[in-house]
Amino acid sequence: MKTVLVTTAVVLAAACGFGETNGRLVYDVPAGQAVTNLTDLSESVTEIVKTGPGELVLGGNNEAFAGTLSVRGGTCRFLVRKWSFAPMGGEKATVVATGARLILDQTPNGAKGPFADFEYGVKSAMTLVDGAVFETVLDQSVVLWGKVTSEGTRSSIVSAHHLTFGHEVKMSGGIAFAMTEAARKEGRAFTFSGGKVVSDAALEVVRGDVYLNSVVQTKDGIRLGDGKLVARLLARAPGGAFVVGDKVQFIRTCADAAPDGTAYSVENWKGERVTSGTWPAGEILTLPVSGRGYYRLKLDNGTLATFAIVSGAEGRLPNADCPFGIGENPRRYRTWDCPWYPGGRTDRLSVELLARAGIPWVRLSVWFDGVGKDGRWDPAERVDKFRQLKERGINMNIVGECASTVMRNMTDLKGIYEEWASLGRAAAPYTRNFEYRNEQEIVSLGSWNTVAEAKAACLGLKSVLPDALLASPSHTRFWRTRYDDAIYENDLAKYTDVLNYHYYNSLARIPTVEREMRSQVGKFGLFDREEWVTETGTNGEGNGWEKDEGRWDRFARHAWEQELGVAEWVMKSQGLMAMMGVRRTFNFCFGPCNERKNQKSWAICLRRDGTVKPGYAAFSTMIDELGKAKLVEEILLNGESAPARAYVYRQPDGTKTLAFWTVTELETHLGGHNTLVKPTEERKTCTVNVPDGEYRLTDMCGSSRTVKAVGGKLQLVATRFPQYLSGIKTLEAWPMQP
């Protein structure tokens, strides 16, 4: 096949009949010919027409292209670059193939993304007409974020890896879906998530497994060839996070998920049955469940769904003085499913869930990608996220997560200054809280470079926002070294405003680590400086015990017991950090994130299918009960320091809330990163001396009941999971000895 290389968007070869007229590119490629255009398509190009039986190869960064690409016969091959989400055009672009073949391929160097959870994506909408074929030959997962439509005679979609449909699929002409033979042997699957699947014929999958996170409405059901069908129940609330007062409803993605008459039961997170019944005739099940809590819906056919009921955002603006925060990384937004918003908008799901839980603070990672021609950072794509959080009243601490082309050259301090000034301008309407660099010790910058970069960042940021607060680069070691002295000897304290640490070791070590840290910074007059722990998480649950499904099968995930262990950690870590004088703590992390060869899951609140975990309900409950309170002291229950721990908080109305639990191995073990801890299920009866009357007792995930004190005493049963006793006017207790 003869190849012609196009390097500019002008008429270059009349023999092949291609050229540009008023933003319209025309390629008429004869049989046996191939035309390759590696030039980025600009927004000035409004239409591309490819005709003829030959092949057109497009290999640019086509993010700006917002027009229509019409492929009439022959083949159009798209070469995907590293990190590219727009090989066929931007979000407003449309590709229409009529009796043609579209192939998603990769550049000769074929580079995968640097993260294990990276996927290639197609932002543009795609219409297949009269037997057209879309085929991906990439050796990595692909997501189609735009609408997929078929018209005329049946079209085909063929994939060599996991293929996900993140938007609506509408098939008036029918589509045959098939994995390649090799992909089928490796267990690759089609996932529908992000919009309805509507067809006037059957949903026909010739080869490959199918995972349904979207509702399928077809005339003739689902026709499955060589593969299995995994149908789900879909909560009629984002992420399965209902708000108190909502109708708790589920819809089946197809009849296979819950045939009419299927028996079901609902249990709370402690395994106690709440209600039961049978699935009614129709698509929707309404559950007679109300009140805060975390629940599991179990069907007799083995289908399982979980959901939470939380207080919601209405009338509950996040409290900026609240010390409770959580970390997020927008880089990973496209690494979980989201069937609740068109286009799989996981960013919208994330913000909505944060708001419903009442989470007041988010540590938001910003990656300084060199997207401009000069390698400088362009903040425009981040501003939308800033705006979404600000509109919901959520406070942000923005961390410069990774260097751009400029920042990787550590001698370009002027470039770092300019990029942080750019960040300051972009974030000015939304926040005054920033953090320079994430875990710089890991990349071994050295003390001098760390301080030099922090100074450049500080001066750049404060040239735009003089009142900005800049946290120091995060310390990651739980022991002090010569490096820690050197950065302060080189005046790091002059260019930062807050001490900043990450903590991933056992709870038992926190007091020792805090004392050593305060002693070390005290040598430089910083003993009383405000401290934030901008990342903390537990290793106690170990690596994920289960393997995720479908497109996420390369990741380990938490088993149910592990999810409860992580939820248990939330209040215990936040409380102990506050007792040691930490002003603000950010648990890591909100959404899915795997490390250590994908075996360690850090997600507290969200699974990769987009549903909330018990940690989400635990976080929301902690904020409901303590979000406006001040920590007063730790006390002894029954005059004992163990096995029960209790913290006293003072509410704005003067009443007190007691947060308490039994002390287990999760707190006392001194193991390292990979020490698996299985806490003992011990129950301890404790007596609290309070005035006679009624009090509210709330469990870890929000379910409340009334308890009564008689004779000045109230008996409580403490377990490993935190509980909250509220409404206390006076409390007689044994204070902890200093």
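Relevant structure appears above.
I will try to describe carefully the structure that is included in this document. Note that the structure is a prediction, hence the values are computed from the model and not measured.

A few words on the nonpolar core. Considering soluble globular proteins, one finds that nonpolar side chains tend to be buried as a cluster. W420, F434, M571, F590 and Y616 are the most contacted members of the largest nonpolar core, which has 92 residues in total. Top element by residues in this core is helix α10 (residues 560-579). It accounts for eight residues. Among residues more than four places away in sequence, those in contact with F434 are N397, I398, W420, L423, A427, L461, L465, A468, L469, L470 and A471.

Our focus in this paragraph is the pattern of salt bridges. Under the counting rule described, the total for this entry stands at 46 salt bridges. One salt bridge in this structure joins K123 and E63, with 2.8 Å as the shortest N-O distance. Of the two residues, K123 sits in the loop between β11 (120-122) and β12 (125-129) while E63 sits in the loop between β6 (55-58) and β7 (68-72), which places them 60 residues apart along the sequence. E204 is paired through a salt bridge with R223; the nearest N and O atoms lie 4.0 Å apart. With E204 in strand β22 (residues 203-207) and R223 in strand β25 (residues 222-226), this pair connects stretches of sequence that are 19 residues apart. Using a relative accessible area of 16% as the deciding quantity, one classes E204 as buried. A relative accessible area of 46% means that R223 is categorised as partly exposed. Three or more residues are tied together by salt bridges with common partners; here these are E568, K572, E634, R645, E667 and R720.

The interhelical angle for the contact between helix α2 (residues 346-357) and helix α11 (residues 614-626), taken along N-to-C directions, is 45°, at an axis separation of 9 Å. The angle between the axes of α2 and α11 places the two elements in the oblique class. For the pair α2 and α11, contact is made by L353, R356 and A357 and by Y616, S620 and I623, respectively. Looking at the contact of α2 with α11 residue by residue, the class counts come to four nonpolar, one polar and one charged.

We now examine unusual backbone geometry. Note: most residues except glycine have negative phi, and most peptide bonds are trans. For the bond from F588 to C589, the omega torsion is -5°, close enough to zero to count as cis. Checked against the element boundaries, C589 lands in the loop between β44 (584-587) and β45 (594-595). Phi at D491 takes a positive value of approximately 75°, unusual for a residue other than glycine. Its location among the elements puts D491 in the loop between α7 (482-489) and α8 (492-495). Overall, D491 belongs to the partly exposed group, its relative accessible area being 31%.

Of note, T127 is situated in strand β12. For T127, a relative accessible area of 13% corresponds to the buried category. Here T127 is in contact with V95, V96, A97, T149 and E151, once residues within four sequence places are set aside.

Below, the discussion takes up the environment of A486. Looking at the element boundaries, A486 is found in helix α7. Classification of A486 as buried rests on a relative accessible area of 10%. C-alpha separation for the pair A486 and G446, spaced 40 residues apart in sequence, amounts to 9.2 Å.

Helix length check: helix α9 (residues 510-522) (13 residues) gives 18 Å between terminal C-alpha atoms against 18 Å at 1.5 Å per residue, within 8%. For α9, the complete set of buried residues consists of I510, V513, E514, M517, R518, Q520 and V521. Along the axis of α9, the buried residues cluster in a sector spanning 160°; they form a single face. Against α7, β40 (499-503), β41 (531-536) and α10 lie the buried residues of α9.

Parameters at a glance
- Residues numbered from 1 in each chain as written.
- Predicted model: local features only at pLDDT ≥ 70, side-chain atom pairs only at ≥ 80, totals over all residues.
- Heavy atoms only, no water.
- Core = buried A, V, L, I, M, F, W, Y, C linked by side-chain atoms within 4.5 Å.
- Buried < 20%, exposed > 50% of the residue type's maximum accessible area, 1.4 Å probe, protein only.
- Helix = DSSP H or I, 4+ residues; strand = E, 2+ residues; numbered from the N terminus.
- Contact = heavy atoms within 4.5 Å.
- Salt bridge = Lys/Arg side-chain N within 4 Å of Asp/Glu carboxyl O.
- Axes fitted to C-alpha atoms, helices over the stretch in contact; angles between N-to-C directions.
- Parallel < 35°, antiparallel > 145°, perpendicular 65-115°, else oblique.
- Nonpolar A, V, L, I, M, F, W, Y, C, P; charged D, E, K, R; others polar.
- Expected span 1.5 Å × (residues − 1).
- Arc of directions from axis to C-beta.

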